[in-house]
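Breakdown of the fold
Single-letter residue listing:
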Amino acid sequence: MDRIDRKIIDILQKDARAPLKEIADRVFLSSPAVSARIARLEKEGCLTGYQAQVDAAKLGYLVKAFINLDMDPQRKPEFYPYIESCPHVVECCCVTGDYSMLIQVLFGTTQELDAFINRLQQFGRTRTQIVFSTTVEHRGVPVCLDEEE
């Protein structure tokens, strides 16, 4: 992967609907060359998909929270299918430290969050942090372009 591939990834992360011609102009290549690079990046698994970014609050999800879960590792085989089936779970990461899981969730109300936490506690001890505001929104994977460092 070279500098041009990284620039293409950076452009697509900021706007997955960017026209090929616009991308080509920004990386100083032809549209067919950019198309071939994108196809190669997809084939190699560097680009894994394209998605719309959504304003959660406008869809009624006013409560964003991070839940730490301290769980016995032997419970993972039953926990993973459970957590994957929960539509309000945005992300679940196995982490180091005092807790074994870090779970990001979105809910409409704190009552819904509370009910979810009560169900989640079957797997272990929890600690929850409700987000008041977000300083840096999700912005994709850093591609380490020299001019931006």
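This section reports on the structure supplied with the text. (Residues numbered from 1 in each chain as written. Predicted model: local features only at pLDDT ≥ 70, side-chain atom pairs only at ≥ 80, totals over all residues. Heavy atoms only, no water.)

What about the pattern of salt bridges?
- By the definition in use, this model includes nine salt bridges.
- A salt bridge links R26 to E22, with the nearest nitrogen and oxygen atoms 3.8 Å apart. Linking R26 with E22, this pair stays in helix α2 (residues 20-27), spanning four residues, or about one helical turn.
- A residue is classified by how much of its surface remains accessible, and R26, at 40% relative accessible area, is partly exposed.
- For E44, the salt bridge is made with R40, and the minimal N-O distance between the two is 3.5 Å.
- Because the salt bridges share partners, they merge into one network encompassing D2, D5, R37, R40 and E44. (Salt bridge = Lys/Arg side-chain N within 4 Å of Asp/Glu carboxyl O. Helix = DSSP H or I, 4+ residues; strand = E, 2+ residues; numbered from the N terminus. Buried < 20%, exposed > 50% of the residue type's maximum accessible area, 1.4 Å probe, protein only.)

Observations concerning the layout of surface pockets
- One number sums up the size of the largest pocket: a volume of about 1,600 Å³.
- Looking at the largest pocket, it is lined by 41 residues, and the ones nearest its centre are Q51, A52, Q53, H138 and R139.
- Going through the elements one at a time, α1 (3-14), β1 (63-71), β2 (89-94) and β3 (101-107) are the ones with two or more residues in the lining of the largest pocket. (1 Å grid on protein atoms, 1.4 Å probe; cavity = no way out; pocket = protein on both sides within 12 Å on 5 of 7 lines; lining within 4 Å. Points joined across faces, edges and corners; volume = space filled by probe spheres on them.)

Describing α2
- For α2, the full list of buried residues reads I23, A24 and V27. Around the axis of α2, the buried residues are gathered within 100 degrees of arc, so they sit on the same side.
- Where α2 is buried, its residues touch α1 and α3 (31-43).
- One or two residues past the end of α2 sits F28, with phi positive at roughly 60 degrees. (Arc of directions from axis to C-beta. Contact = heavy atoms within 4.5 Å.)

Here's the deal with the sheet that holds β1
- The four strands are arranged β2-β3-β1-β4 in an open sheet whose pairing can be described as antiparallel. Unpaired on one side and paired on the other, β2 and β4 (124-130) mark the two borders of the sheet. Ignoring strand direction, the axes of neighbouring strands in this sheet form an average angle of 20 degrees. (Pairing = 2+ DSSP bridges. Axes fitted to C-alpha atoms, helices over the stretch in contact; angles between N-to-C directions.)

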